[in-house]
Amino acid sequence: MEEIVEEMLGGIRINYLGHATFRFVTAGGEQIIIDPFLTDNPQTPEELKQVGELDTILITHGHFDHFADAIPLAQQTGATVVANFEIFAYLQSQGVENAMPLNKGGTAQVGGIKVTAVNAFHSSSIQTEDGSSIYAGEPIGFVIEFESGFKLYHAGDTAVFGDMALIGELYSPDLALLPIGNQVVMSPFEAAHAARLLGVRHVVPIHYGTFPFLPGTPEELQKHLDEIAPDVTVHVMQPGDDLAS
């Protein structure tokens with residue numbers, strides 16, 4: 001199975017930083033982080049909370065556990081931040097100059113990767129320092145196509161929805177990163193159906209166990225996949241783990 005993964009990745013490194021945060025290193029050496037929640041993330045190993053160089057930051061929505069480190073990282077690294085229009089406008093208001101708006105259905109070339117924003121069913125707001133919340137547009141997921149042709153789908157925070165089948169039909173992702181925490185995102189049962197609708201062969205479960213209201217487990221996901229989509233391989237990653245070729 002690891003040989004299949006290595007062949008599929010085509011020189012890409014996928015590093016799990018905990019919760020829904022991942023770092024990708026492309027075959028050409030570009031550094032990408034998605035949903036940066038590091039400083040206060042109880043799952044992130046201490047040695048990985050400092051990320052060094054970055055080329056691109058992708059944001060699925062404004063909740064703190066996906067957005068908390070976005071502005072500091074953008075300011076420290078000069079990375080291009082890709083987010084929906086409302087978050088893009090907020091970033092500009094906070095002095096982040098190198099940002100790019102991307103709304104659902106849109107595709108943009110960002111360095112060596114091609115990024116498409118797709119639907120997600122959730123909510124989205126940004127909590128300001130005074131404790132108030134501001135509207136952060138609609139949440140999105142990302143389909144990322146790397147130089148090798150490998151395609152990854154990060155679902156963001158979402159429930160299952162029937163048009164995941166359309167995401168599969170249009171973009172044919174090789175690997176899906178799916179939330180399974182339940183209560184505030186998909187349950188493992190819904191995530192198994194998401195994998196079936198997407199038609200993916202490989203899934204990494206994310207967004208579970210970080211907080212008490214995320215009780216879903218990879219074992220539950222595997223149980224439901226055995227019944228719903230038995231051809232899907234689950235790759236359970238611990239914070240700090242790599243999928244690499």
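Keep in mind it's a predicted model, so treat the numbers as computed, not measured. (Residues numbered from 1 in each chain as written. Predicted model: local features only at pLDDT ≥ 70, side-chain atom pairs only at ≥ 80, totals over all residues. Heavy atoms only, no water.)

Asks: Could you clarify how one ought to interpret the overall build of the protein chain in this entry?
Replies: Within the protein chain, the secondary structure is distributed over 7 helices and 16 strands. Here the protein chain has a C-alpha radius of gyration of 17 Å; the compact-globule value for 245 residues is 18 Å, and the two agree. C-alpha atoms of the protein chain, sized along the principal axes, occupy 50 × 40 × 35 Å. Every one of the 245 residues in the protein chain was classed for burial, and the buried ones make up 54%. (Helix = DSSP H or I, 4+ residues; strand = E, 2+ residues; numbered from the N terminus. Rg over C-alpha atoms; globule rule 2.2 N^0.38 Å. Buried < 20%, exposed > 50% of the residue type's maximum accessible area, 1.4 Å probe, protein only.)

Asks: Hey, could you run me through helix α5 (residues 164–171) in this one?
Replies: Because each turn of an α-helix spans 3.6 residues, side chains separated by three or four positions end up pointing in the same direction. What α5 keeps buried is the set Met164, Ile167 and Gly168. One side of α5 carries all its buried residues, which in axial view fall inside an arc of 100°. Looking at α5, the residues exposed on the side facing more than 90 degrees away from the buried face are Glu169 and Leu170. On the buried face of α5, the contacting elements are β8 (113–119), β11 (140–145), β12 (151–154) and α6 (188–198). A positive backbone phi angle near 45° is found at Ser172, which sits one or two residues after α5. (Arc of directions from axis to C-beta. Contact = heavy atoms within 4.5 Å.)

Asks: Help me understand the environment of Asp55, please; the structure alone is not making it clear to me.
Replies: For Asp55, the position within the fold is in the loop between β3 (31–34) and β4 (56–58). Not counting the four nearest positions on each side in its chain, Asp55 is found in contact with Gly29, Glu30, Gln31, Ala79 and Thr80. One polar contact links the side chain of Asp55 to the main-chain amide nitrogen of Gln31, over a distance of 2.8 Å. (Polar contact = N/O pair within 3.5 Å; in protein donor to acceptor, adjacent residues only side chain to side chain.)

Asks: Whenever I open this one, the sheet that holds strand β16 (residues 242–243) confuses me. Can you help?
Replies: The pairing of strands in a sheet happens through backbone hydrogen bonds and is either parallel or antiparallel. Ordered by their spatial adjacency, 7 strands build an open sheet running β6-β5-β4-β3-β2-β1-β16, and the pairing between neighbours is mixed. Each edge of the open sheet is held by one strand with a lone partner, namely β6 (99–101) and β16. Relative to β6, strand β5 (residues 80–83) is paired through 3 bridges, and the arrangement is parallel. Looking across to β6, one finds that Val81 is bridged to Ala99. Seen against the sheet, helix α4 (residues 85–93) touches β5 and β6 and runs at an angle of roughly 155° to β6. (Pairing = 2+ DSSP bridges. Axes fitted to C-alpha atoms, helices over the stretch in contact; angles between N-to-C directions.)

Asks: Any chance you could explain the packing of α6 against helix α7 (residues 218–228) here in plain terms?
Replies: The packing of two helices is summarised by the inter-axis angle and the distance between the axes. At a minimum axis distance of 8 Å, the contact between α6 and α7 shows a crossing angle of 45°. On the basis of their axis angle, the class for α6 and α7 is oblique. Here the hand of the crossing between α6 and α7 comes out right-handed. Of α7, the residues touching α6 (which contributes Pro188, Phe189, Ala191, Ala192, His193, Ala195 and Arg196) are Glu220, Leu221, His224, Leu225 and Ile228. Class assignment for the residues of the contact of α6 with α7 results in 8 nonpolar, 2 polar and 2 charged. (Parallel < 35°, antiparallel > 145°, perpendicular 65-115°, else oblique. Left-handed = near helix turned anticlockwise from the far one by under 90°. Nonpolar A, V, L, I, M, F, W, Y, C, P; charged D, E, K, R; others polar.)

Asks: In this structure, what is going on with the pairing of strand β14 (residues 202–206)? I would like to understand it.
Replies: Remark: a regular strand shows side chains that alternate across the two faces of the sheet. Taking burial as the measure, the 5 residues of β14 include 5 buried ones, the bulk of the element. Covered by surrounding structure in β14 are His202, Val204 and Ile206 together with Val203 and Pro205, the residues of both alternating faces. Of the pairings in the sheet, the one linking strand β13 (residues 175–179) to β14 comprises 5 bridges and is parallel in character. Directly across from Ala176, in β14, lies its bridge partner Val203.

Asks: Teacher, can you tell me more about the side chain of His224 here?
Replies: On the secondary structure map, His224 appears in helix α7. Excluding anything up to four places from it in sequence, His224 contacts Pro188, Phe189, Ala192 and Ala229.

Asks: What am I meant to see in the packing of α5 against α6 here?
Replies: One way to put it is that α5 packs onto α6 with a least axis distance of 7 Å and a crossing angle of 35°. For the element pair α5 and α6, the recorded crossing hand is right-handed. For the pair α5 and α6, the contacting residues are Met164, Ala165, Ile167 and Gly168 in the first and Ala194, Leu197 and Leu198 in the second. Of the residues assigned to the contact of α5 with α6, the class counts are 6 nonpolar, 1 polar and no charged.

Asks: Please explain the pattern of salt bridges as it appears in this structure.
Replies: Between side chains of opposite charge, a pair can form when the charged atoms approach closely. For the structure on display, the rule yields 5 salt bridges. For Lys114, the salt bridge identified is with Glu145, shortest N-O distance 3.5 Å. On the criterion of sequence distance, the pair formed by Lys114 in strand β8 and Glu145 in strand β11 is long-range, its members being 31 residues apart. Classification of Lys114 by relative accessible area gives partly exposed; the value is 35%. (Salt bridge = Lys/Arg side-chain N within 4 Å of Asp/Glu carboxyl O.)

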